[in-house]
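What the coordinates show
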Amino acid sequence: MIVGCVLLACTLLVGASSGSRAGQPLKTSCRPGFSQNFYTVIVPRDVLHGQSILKDTTLSSERVKFEDCQRSREVGFVSSDPNFSVRADGSVYTEQEVANLSEPVQFMVTARGLHDPHIWETTVKLALAGHLHPPPLSKIGFEEMLSRVWESQPRVIKFSRRHQRASSANSLRRQKRDWVIPPINVPENSRGPFPHMLVRIRSDQDKDVGIRYSITGAGADQPPSGIYNIDPISGNMFVTQPLDREERASFHLRAHAVDMNGNQVENPIDLYIYVIDMNDNRPEFQNQVYNGSVPEGSKPGSSVMQVTATDSDDSTTANGMVRYRILSQTPHSPIPNMFTINSETGDIVTVAAGLDREKVSQYTIIVQATDMEGNLNFGLSNTATALISITDINDNPPELTVRTFAGEVPENKVNVVVTNLTVVDRDQPHSPNWNAVYRIVSGDPTGHFTIRTNPITNEGMLTVVKPVDFEMNRAFMLTVVVSNQAHLASGIQSSLQSTAGVTISVQDVNEPPVFPVSPKMIRFEEGVPAGTTLTVFAAQDPDHFIHQIVRYSKLSDPANWLKINRTNGQITTMALLDRESMYVKNNMYEATFLAYDNGKSGSPQASGTGTLQIYLIDVNDNAPVLIPKEAQICERARPNSRINITASDADAEPNVGPFVFELPSFPASIRRNWTISRLSGDYAQLRLRIPYLEAGVYEIPVIVSDSGNPPLSNRSLIRIKVCPCDNNGDCSATGAVAAAGLGTGAIIAILICIIILLSMVLLFVVWMKRREKERQAKPLLIDPEDDVRDNILKYDEEGGGEEDQDYDLSQLQQPESLEHIINKPTGVRRVDERPVIAESQYPVRPSVPHPGDIGDFINDGLRAADNDPTAPPYDSLLVFDYEGSGSTAGSVSSLNSTSSGDQDYDYLNDWGPRFKKLADLYGGGEDD
């Protein structure tokens, strides 16, 4: 067949190519149209009737899928081949009987909505299942095969001689014509030269009129445009570039013929161009590395894993048929070919026994996928790596490293590791096949030992869980068996080395004395006198092979009632035993005693404790008491005016109730005014016998007796407040006060005291107000803003405290004699001392100056100060401890202004900053 030759020629041409083209990328948004640009439908042979296929036969279960994006389009399908068509559900069927389908058939399917101008196209290829491809013709050259393909195309395509005018040129309805124009086959990846002529379009009317030819459709004037063009005069149709079947497998063009005026001369004809597949894509594995596993010891034929490779070429031809084979296996143990692969499916299975994880835990398999049905001479290949892990089974029983283990343990110790049992297991570490489980099968009937598994090392830790006694067992001989958490694999037997013996020696230690009975309980009546022997509380020393002396001491005796004999453990009393004591709980008194030995050589003393419980039997030694001690009742007898009394006794049965309540016969007024009656064994009621009793406080004696033998009685006083009551039977407020014992005189005295206290508070407030007014009425010599009497003054000097106040005040006065200063050496003088020269004479102000000569007085004093060489500062830091011999000015208390008129002191502002404060005081200043 020519097509087979073309395929083989293209295979030889691109056999060395290694590039591959990926499939169409997935679209995230829905786009209406066919799901694929090219469909391959495999027709099963059971649809054949002989060599033919009957009319209206559905060829395959495979369908042509059209996606309308849920727009509920009404889409119709039209086939370019009159023998085949597509139903609305996408199934392909025969429109008429087909003689045979020995060779693949390819045709175009066009979809168009009934109310939608859009057109969608796809290519369908029909191939009979299991048809044989022609063998490659290696003796035929590529150029010769390619020329056969080009020569096989129709050289001239003429328009139909019947010029049928359709109502619509774009109608999808197939029109009847004289012959079916065969499809044009173009091989992909052609090397040219381009443009390459495909066919010539010709009209029979070109002899009569001038004809202009054109083509339309995807690939011509629609995207991808420019792939095909036509010479408008000659009608020669060309392909302008190499084609790629994996991008577009077919083209549907329409050829048009018009005259020089543009009038249609012929009805358009449909041209179907099919791109012939070439083997230009290598098989691509889905993964470069595959991971699989198989248990060790698996039988031949056990499934391991599957590898998959895809080829973008036509899967109905040898170009897209992939076959698999194993190139290498690493390592080669136990044989180089432990695995095989199904050449068509890629399933890897075992072919030999002997997989052992302990020898080889992983195999590396290099798998090759080759198209052209595995033909290594013409097919393209690719490789991937398969990593096969050998999973562990429990085929190795654990084995103890030695046959006998030994250890020792002190007696009376628990949670002590005696010895570690070491084991070897070649299975997968830290898995159930490796984890060891230890059991003691003999030698420990009483369960003194257990074996715990160390999760890290898998060793068995033989541990004491129950104390051992040297005096009873000096050694143990154990038999230990080890196994795994998982059962051994089928056919694997336990090893003899899974069993071992363990010898354990018990070390003797100094054991403390032990009280045979602890706690020990004895019974005695309370009130036992001091010095009474209660019992002998003796301990025994468990160390039978060593003679030791046991001594006793008291460890706990809350009431300090007991003492113990140091040598024999005899218990005697030191005080009266009282059942009603706070240290007795539920008639039981507990004391703890200590027994200790004298130790043996190299061991310290050992001591043990024992508890003695004394059950105290009650005797009637407590008289009953009454509650409440106080109560109140209305002065007039009412049905509900009564007092409930309760009796209690610290003793126990039968020395408690029922109790007997009675009133004493003396004084006689008690029984005359009151009566008592018993309600039950522990309760009684006290109420007035007379209709009225004056308000007040009464102490009523009540005698109560218990039921002991002999009985004990107690005379109790109940303080009862008798008061006037309201209508509800409750004491009124006045009545409560009167009942409390306050008479009328006492109440009046309290009121007078309150009045006197209020009067004193009022007088104090009046006096404080008057003093405040007098203080405010006194005139001030200075502006109230500068008054410092009620202000808090802050000084920066911090005195030394009271201890620094003991100094000589005379040192601050001017000395009477200057000899100590005059006699100083020449040239030596303190710069902070006053110069020894005559002082300047400052003017003396008259005692009663006139306001007008204040300025003259100040000016004279200023001039004297400026000319005074003795005035500070002298030369440096000064110590102000000199205050002069006395003030030359008179008392300032005599200063007073005799003028009632306003005096202008504004000139003080001109004297400089030294007189600013004075100017503010007399002249008002700028602050006003």
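Right above here is the structure, for reference.
Below is a summary of the structure that appears in this document.

How each quantity is defined
Numbering of residues starts from 1 in each chain and follows the order in which that chain's sequence is written. Totals for whole chains, interfaces and linings use all residues, but because this is a predicted model, local features are given only for residues with pLDDT of at least 70 and pairs of side-chain atoms are given and counted only at 80 or more. Just so you know, side-chain values use all the structure's heavy atoms and leave hydrogens and water out. To qualify as a nonpolar core, a set must consist of buried Ala, Val, Leu, Ile, Met, Phe, Trp, Tyr and Cys residues joined through side-chain atoms within 4.5 Å. Per-residue accessibility, obtained with a 1.4 Å probe over protein chains only, is compared with the maximum for each type, and a residue is labelled buried under 20%, exposed over 50%, and partly exposed between these values. Counting from the N terminus, the helices are DSSP H or I runs at least four residues long and the strands are E runs at least two residues long. Any two residues whose heavy atoms approach within 4.5 Å at even a single point are treated as in contact. A helix is expected to reach a length of 1.5 Å times the quantity of its residues less one. Any Lys or Arg side-chain nitrogen found within 4 Å of a carboxyl oxygen on Asp or Glu counts as a salt bridge. For the purposes of this analysis, a disulfide is any pair of cysteine sulfur atoms at a distance within 2.5 Å. If DSSP finds at least two bridges between two strands, the strands pair. Only the stretch in contact is used when fitting a helix axis, every axis being a line fitted to C-alpha atoms; angles between N-to-C directions are given from 0 to 180 degrees. Ring pairs are drawn from Phe, Tyr and Trp, using the six-membered ring of Trp, whenever the two centres fall within 6.5 Å, and their geometry is named by plane angle: stacked under 30 degrees, edge-to-face over 60, tilted for the rest. Only lysine NZ and arginine CZ atoms are considered, and such an atom sits over a ring when it is within 6 Å of the ring centre and within 35 degrees of the ring normal.

**Some details on the nonpolar core**
With 28 residues, the main nonpolar core has Phe34, Phe77, Phe84, Val92, Phe107, Val124 and Leu126 as its most contacted residues. Going through the elements one at a time, strand S2 (38-43), strand S5 (75-79), strand S6 (84-86), strand S8 (105-113), strand S9 (119-128) and strand S17 (264-276) are the ones with two or more residues in this core. Examining the composition of this core, we find that 5 residues originate from one element, S8, more than from any other. Beyond its immediate stretch of four places on either side in the chain, phenylalanine 84 contacts Leu59, Ser79, Tyr93, Thr94, Glu95, Val98, Leu101, Val105, Phe107 and Leu126. By size, the runner-up hydrophobic cluster in this structure holds 27 residues, among which are Ile181, Ala220, Tyr228 and Ala255.

**Notes on the environment of lysine 563**
For lysine 563, the position within the fold is in strand S39 (residues 562-564). The spatial distance from the C-alpha of lysine 563 to the C-alpha of threonine 533 is 9.7 Å, given a sequence separation of 30 residues. Each residue touching lysine 563, except ones within four places of it in the same chain, is listed here: Gln570, Ile571, Thr572 and Met574.

**Some words on helix H7 (residues 854-866)**
Under the 1.5 Å per step criterion, the end-to-end length of H7 is 18 Å for 13 residues, consistent within 8% with the ideal 18 Å. Looking at H7, one finds that the buried residues are Ile854, Gly855, Ile858 and Ala864.

**As for the pattern of salt bridges**
Note on pairing: side chains with opposite charge can pair once their charged atoms come close. As enumerated under the stated definition, the model contains 13 salt bridges in all. Across the pair lysine 125 and aspartate 314 runs a salt bridge whose closest N-O atoms are separated by 2.7 Å. Taken together, the residues lysine 125 in strand S9 and aspartate 314 in the loop between strand S21 (309-310) and strand S22 (323-330) connect sequence positions 189 residues apart. Taken individually, lysine 125 and aspartate 314 each receive the classification buried, so the pair is uniform in this respect.

**Overview of the state of the cysteines**
Inspection of the entire model under this criterion finds 1 disulfide. Covalent S-S linkage joins cysteine 634 and cysteine 725, the inter-sulfur distance amounting to 1.8 Å. A torsion of -105 degrees about the S-S bond marks the disulfide between cysteine 634 and cysteine 725 as left-handed. One end of the pair, cysteine 634, is in strand S44 (residues 630-634); the other, cysteine 725, is in the loop between strand S50 (713-723) and helix H4 (733-739), with 91 residues separating them in the sequence. For cysteine 634, a relative accessible area of 6% corresponds to the buried category.

**Topic: unusual backbone geometry**
Omega for the bond connecting phenylalanine 194 with proline 195 falls within 30 degrees of zero, at -5 degrees, which places this linkage in the cis form. Examined against the element boundaries, proline 195 turns out to sit in the loop between strand S11 (184-187) and strand S12 (196-202). Geometrically, the link from serine 333 to proline 334 is a cis peptide bond, its omega value of -5 degrees lying close to zero. As for its position among the elements, proline 334 is in the loop between S22 and strand S23 (339-341). For methionine 372, which is not glycine, the phi torsion reads 55 degrees and is therefore positive. Residue placement: methionine 372 occurs in the loop between strand S25 (362-370) and strand S26 (381-391). A relative accessible area of 14% means that methionine 372 is categorised as buried. Residues other than glycine seldom take positive phi values, yet asparagine 587 does so here, at roughly 65 degrees. The residue asparagine 587 is located in the loop between strand S40 (570-573) and strand S41 (588-596) in this model.

**A closer look at the pairing of S40**
Sheet topology note: the strand S37 (residues 533-536)/S40 ladder contains 3 bridges and is antiparallel. Residue pairing in the sheet places valine 536 in a bridge with glutamine 570 of S40. When S39 meets S40, the two strands line up antiparallel, connected through 3 bridges. By the bridge assignment for S40, lysine 563 is matched with threonine 572. Counted between consecutive antiparallel strands, the loop separating S39 from S40 contains 5 residues, among which glycine 569 sits at a positive phi close to 80 degrees.

**Quick notes on the sheet that holds S2**
In space, the 4 strands of this open sheet follow the order S2-S9-S8-S5, with mixed pairing throughout. Because the sheet does not close on itself, it has two edges, and the strands there are S2 and S5. Within this sheet the neighbouring strands show an average axis-to-axis angle of 30 degrees, counted without direction. Sheet topology note: the S5/S8 ladder contains 5 bridges and is antiparallel. Across the sheet, the residue bridging to glycine 76 is arginine 112, located in S8.

**Quick word on the sheet that holds S6**
Taken in spatial order, the 3 strands line up as S3-S7-S6 in an open sheet, and their pairing is antiparallel. Of all strands in the sheet, those bounded by a partner on one side alone are strand S3 (58-63) and S6. Going from strand to strand, the sheet's axes swing by 20 degrees on average, the running direction of each strand aside. Here S6 runs beside strand S7 (residues 91-94); their pairing, made up of 3 bridges, is antiparallel. Bridge assignment links phenylalanine 84 to a residue of S7, and that residue is threonine 94.

**Brief notes about the packing of aromatic side chains**
The description of an aromatic ring pair uses the distance of the two centres, along with the angle that the planes make with each other. In the structure shown here, the tally under the stated rule is 15 aromatic pairs. With a centroid separation of 6.3 Å and 80 degrees between ring planes, the pair formed by phenylalanine 66 and phenylalanine 77 is classed as edge-to-face. Within this pair, whereas phenylalanine 66 is found in strand S4 (residues 66-67), its partner phenylalanine 77 is found in strand S5, the two being separated by 11 residues in sequence. According to the relative accessible area criterion, phenylalanine 77 is buried, its value standing at 14%. These aromatic residues form a ring-pair network of at least three members: Phe34, Phe66, Phe77 and Trp120. Over the aromatic face of tyrosine 93 sits the side chain of arginine 87, whose NZ or CZ is 4.3 Å from the ring centroid. The aromatic ring of phenylalanine 38 is capped on one face by arginine 245, whose charged end is 5.3 Å from the ring centroid.

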